[in-house]
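Here's the letter readout for the chains.
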Amino acid sequence: MQNRLKQLCIYLPAVFIALFLSACENDLNKVKAVAAADATKPVQRTTGVTITLSDSGFVKAQVISPLLIEYATKKDPYKIMPNGVKVISYTHDLKEDGNIIADTGYYYDKKELIVFRKNVVATKSDGTVYRSEELIWDQAKKQVYSNKKVKMTKVGGDEMTGTSFVSDDKLSNPVFQNSTAIIHVDDNLTH
């Protein structure tokens, strides 16, 4: 009997420890599952947003949106502007250099990307207008590009349409792929 009591005293704590550890492991798995589900939920909602983007102390642009929702996913945190977005770009002397408006915008801090989607209209200060369903501004590479159809219209009525395009971030040197153009020529050409 005493031998059995010794065995019970030895094995009983081991059984309780095993049960406790397995219960903790299940709880940890539940915590991990809840944390993963929470990662897809917004962590912050802000209304009436104006974000100022600068480079070397100079204001480069302002991002304006009526609503900004922030998602703090581990891999790639981002902000979404579901009710519209407008970006105003500036020259070094703070003159407006153009703007981009869209129905929806996504802002990726780590990648330094702003993705504009649906009814995207980019207007340069000279009046040139770009229209697309998607436009991506890569701040790190100082590029604007799209893999969707893009139509550029100049003030005189000239048009260029392409299946995609890439340009510098000032939209000064666009390169269109699979492009077609309508160019107006003056009837009074002299030799």
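Note that the structure is a prediction, hence the values are computed from the model and not measured.

Definitions and cut-offs
Numbers given for residues are sequential positions, taken from 1 along each chain in its written order. Per-residue local features are limited, in this predicted model, to residues with pLDDT of at least 70; the limit for side-chain atom pairs, both in listing and counting, is 80 or more; totals at the level of whole chains, interfaces and linings are taken over all residues. To obtain the side-chain values, all non-hydrogen atoms of the structure were used and water was disregarded. Strands are runs of DSSP state E lasting at least two residues, helices are runs of H or I lasting at least four, and both sets are numbered from the N terminus onward. The rule is simple: take the accessible area with a 1.4 Å probe, protein chains only, and divide by the maximum for that residue type; under 20% is buried, over 50% is exposed, in between is partly exposed. Residue contacts are defined here by distance: any two heavy atoms, one from each residue, within 4.5 Å place the two residues in contact. Accessible surface area values rest on a Shrake-Rupley calculation with a 1.4 Å probe, where residue burial reflects the displayed protein chains alone. Polar contact criterion, stated in full: a pair of N or O atoms within 3.5 Å, where within protein one must be able to donate a hydrogen and the other to accept it, and residues adjacent in sequence count only if both atoms are side-chain atoms. By definition here, a salt bridge exists when the distance from a side-chain nitrogen of Lys or Arg to a carboxyl oxygen of Asp or Glu is within 4 Å. In this description, a nonpolar core means a group of buried Ala, Val, Leu, Ile, Met, Phe, Trp, Tyr and Cys residues linked to one another through side-chain atoms lying within 4.5 Å. Strand pairing is assigned whenever DSSP detects at least two bridges linking the two strands.

### Points about the overall build of the protein
Check the secondary structure of the protein and you find one helix and 14 strands. Expressed as a percentage of its 191 residues, the buried residues of the protein come to 31%. Residue pairs in contact within the protein that sit at least 24 positions apart in sequence constitute 35% of those at least 6 positions apart. Split by element, the accessible area of the protein, about 12,700 Å² in all, is 56% carbon and sulfur.

### Let's talk about the side chain of Asn99
Its place among the elements puts Asn99 in strand β5 (residues 96-102). In this structure Asn99 comes out as buried when scored by relative accessible area, which is 17%. Here the side chain of Asn99 touches Glu96 through a polar contact of 3.5 Å, side chain to side chain. With near-sequence residues (within four places) excluded, Asn99 lies in contact with Lys86, Val87, Ile88, Val121, Ala122 and Thr123.

### Topic: the pattern of salt bridges
All told, the structure shown has eight salt bridges when counted by the stated rule. Two residues, Lys95 and Asp93, come together in a salt bridge whose shortest N-O distance is 3.8 Å. Taking the relative accessible area as the measure of exposure, Lys95 reaches 54% and is therefore exposed. In this structure, Arg117 engages Glu134 in a salt bridge whose closest nitrogen and oxygen atoms are separated by 2.7 Å. Of this pair, Arg117 sits in strand β7 (residues 113-124) while Glu134 is found in strand β8 (residues 129-138), placing the two residues 17 residues apart along the sequence.

### Structural notes on the nonpolar core
The biggest cluster of nonpolar side chains holds 24 residues, and the ones touching the most others in it are Phe116, Tyr130, Leu135, Trp137 and Phe165. Those elements that provide at least two residues to this core are β1 (44-55), β2 (58-71), β4 (85-90), β5, β7, β8 and β10 (150-153). Among the elements that line this core, the one with the most residues is β7, at four residues. Leaving out residues up to four positions away in the same chain, Phe116 has contacts with Val85, Val87, Ile100, Ala102, Thr104, Glu133, Glu134, Leu135 and Trp137.

### What about unusual backbone geometry?
As a rule of thumb, non-glycine residues mostly have phi less than zero, and peptide bonds are mostly trans rather than cis. With a phi angle near 70°, Lys118 is a residue other than glycine that sits in the positive phi range. Looking at the secondary structure, you find Lys118 in strand β7. Here Lys118 falls in the partly exposed class, since its relative accessible area comes to 48%. In this model, Asn119 sits at a positive phi of 50°, which is unusual for a non-glycine residue.

### What to know about the environment of Ile51
Along the chain, Ile51 turns up in strand β1. By relative accessible area, Ile51 is classed as partly exposed at 21%. With 36 residues separating them in the primary sequence, Ile51 and Val87 have C-alpha atoms 9.3 Å apart. Apart from residues lying up to four places away in sequence, Ile51 is in contact with Ala61, Gln62, Val63 and Leu68.

### Side note on the environment of Val59
When you line up the elements, Val59 lands in strand β2. Its relative accessible area of 29% is what places Val59 among the partly exposed residues. In sequence terms Val59 and Leu94 are 35 residues apart; their C-alpha atoms lie 7.2 Å from each other.

### Some words on the pairing of β2
Sheet topology note: the β1/β2 ladder contains eleven bridges and is antiparallel. Bridge pairing links Val49 to Ser65 in β2. As consecutive antiparallel partners, β1 and β2 are separated by two residues, and within that stretch Ser56 has a phi angle of approximately 55°, a positive value. Pairing of β2 with β4, which is carried by four bridges, proceeds in the antiparallel orientation. When the bridges of β4 are listed, Ala61 appears paired with Ser89. Pairing of β2 with strand β3 (residues 78-81) involves three bridges; the strand directions are antiparallel.

Treat this as a map of the structure, not an account of what it does.
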